[in-house]
Structure formats: C-alpha cells, structure tokens
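In case you want the letters, here they are:
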Amino acid sequence: MPNTTSSKRGPKKATTNEPVKVEAGSGNVFADLGIPQPDLALAKAMLVQQIRDQIVELGLTQMKAAELLGLDQPKVSALVRGRTDGYTIDRLFKFLNLLGQHIEITIRPAGKKSVTAETRVVIG
C-alpha cells in the first residue's frame, strides 16, 4: 500500500512507478466524449469563446452585453459559461457582429487526402 501524506487540501497519494496510459485525442474533445454533432459543438464553443473575449475586451458588464445582444443577463451569463443549447450558429454570428466582429465564411473542397469533409471555425 502506498504511503500518504496530509496537506491543507487533504491526503495525497504517493506516486507509483506504474505507467500511466495516455490516449491521443482527435483534436475535438466533443468527438472524444461521444457528443452528437461534435463539429457543431466545437464550432459553437469557439464562437462563444470569441463572444466572451469581446465582452471582456469591450469592458462590458453582463447587463450591458445583454442590452447590446438583445438578451437578458441570465442568458448572457449562461452563454459565456458555454451553455449553447438553443443558439444556432447564425445567432452566435449575429452576436459577434453586434460586438463589432466581422464574420467570413470560406467554403472549399475537402481535398484528396481527407476521408470526410469537416466544419471548422478558424479565429484570426
């Protein structure tokens, strides 16, 4: 049995020499977790991150952001915490436009090396 020590955060387990199994991710945590429509979930998460960043950059309170976006404050709070249920991609685009961001959509062939086409948000 490994020795344990105590700290302010509770007992700590001693390290063992057992190897830790590490599995490479796909690059999309939502796909790795088996979430339905993982490309859409990742795109929404990235858009919400940009919305949150713009609210901070503009120095808006959640109340001011709510007025600007046409939402109530609790919905802004839920949105910036990543709750995207009920929001379509185009509505998130609208929020970004209202926050002064330009949206550009590029469509191109998947290419010969791609097994399947994908949806991706590129911030830049």
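Residues numbered from 1 in each chain as written. Predicted model: local features only at pLDDT ≥ 70, side-chain atom pairs only at ≥ 80, totals over all residues. Heavy atoms only, no water.

Asks: Describe the overall build of the chain, and please don't skip the residues or the numbers.
Replies: Across its full length, the chain carries five helices and two strands. Listing each helix as α and each strand as β along the chain from the N terminus yields β-β-α-α-α-α-α. Sequence-distant contacts, at least 24 apart, represent 49% of the contacts inside the chain between residues at least 6 apart. For the chain, the accessible area works out to roughly 10,100 Å², and carbon and sulfur atoms hold 54% of it. (Helix = DSSP H or I, 4+ residues; strand = E, 2+ residues; numbered from the N terminus. Contact = heavy atoms within 4.5 Å. Areas by Shrake-Rupley, 256 points an atom, 1.4 Å probe, with all protein chains shown as cover.)

Asks: Quick one: what's the story with the packing of helix H2 (residues 38-57) against helix H4 (residues 73-80), residue by residue and with numbers?
Replies: The description of two helices packed together rests on the angle between their axes and the distance between the axes. With their axes 9 Å apart at the nearest point, H2 and H4 run at an angle of 120° to one another. It follows from the interaxial angle that H2 and H4 lie oblique. In contact with Val48, Ile51, Arg52 and Ile55 of H2, H4 contributes Val76, Leu79 and Val80. (Axes fitted to C-alpha atoms, helices over the stretch in contact; angles between N-to-C directions. Parallel < 35°, antiparallel > 145°, perpendicular 65-115°, else oblique.)

Asks: Which residues make up the nonpolar core, and what are the values?
Replies: Within the largest apolar cluster, 18 residues are counted, with the highest numbers of intra-cluster contacts made by Ile51, Ile55, Val76, Leu79, Leu92 and Phe95. When residues of this core are traced back to their parent elements, those giving at least two are H2, helix H3 (62-69), H4 and helix H5 (89-98). Broken down by element, this core gets its largest block of residues, five residues, from H2. Not counting the four nearest positions on each side in its chain, valine 76 is found in contact with Ile55, Gln62, Ala65, Ala66 and Leu71. (Core = buried A, V, L, I, M, F, W, Y, C linked by side-chain atoms within 4.5 Å. Buried < 20%, exposed > 50% of the residue type's maximum accessible area, 1.4 Å probe, protein only.)

Asks: Report on the confidence of the model for the chain, specifying residues and quantitative values.
Replies: Of all residues in the chain, 87% have pLDDT values of 70 or greater, and the mean over the chain is 87. Across the chain, the element-wise mean pLDDT spans from 54 in strand S1 (residues 4-7) up to 97 in H3. (pLDDT = per-residue confidence, 0-100.)

Asks: Which residues make up the packing of H3 against H4, and what values do they have?
Replies: Where H3 meets H4, the axes come as close as 8 Å, and the angle between the chain directions of the two elements is 100°. Judged by the angle between their axes, H3 and H4 are roughly perpendicular. Facing H3, whose interface residues are Gln62, Met63, Ala65 and Ala66, H4 presents Gln73, Val76, Ser77 and Val80. For the contact of H3 with H4, the residue count by class is five nonpolar, three polar and no charged. (Nonpolar A, V, L, I, M, F, W, Y, C, P; charged D, E, K, R; others polar.)

Asks: Give a detailed account of unusual backbone geometry, specifying residues and quantitative values.
Replies: The backbone of glutamine 37 shows a phi angle near 50°, a positive value even though the residue is not glycine. In this fold, glutamine 37 is placed in the loop between helix H1 (29-32) and H2. With a relative accessible area of 57%, glutamine 37 lands in the exposed category.

Asks: Please set out H5 residue by residue, giving values where relevant.
Replies: Among the residues making up H5, those that are buried are Leu92, Phe95 and Leu96. Buried residues of H5, viewed axially, fall in a sector of 100°; they line one side. Within two residues after H5, glycine 100 carries a phi angle of roughly 85°, on the positive side. (Arc of directions from axis to C-beta.)

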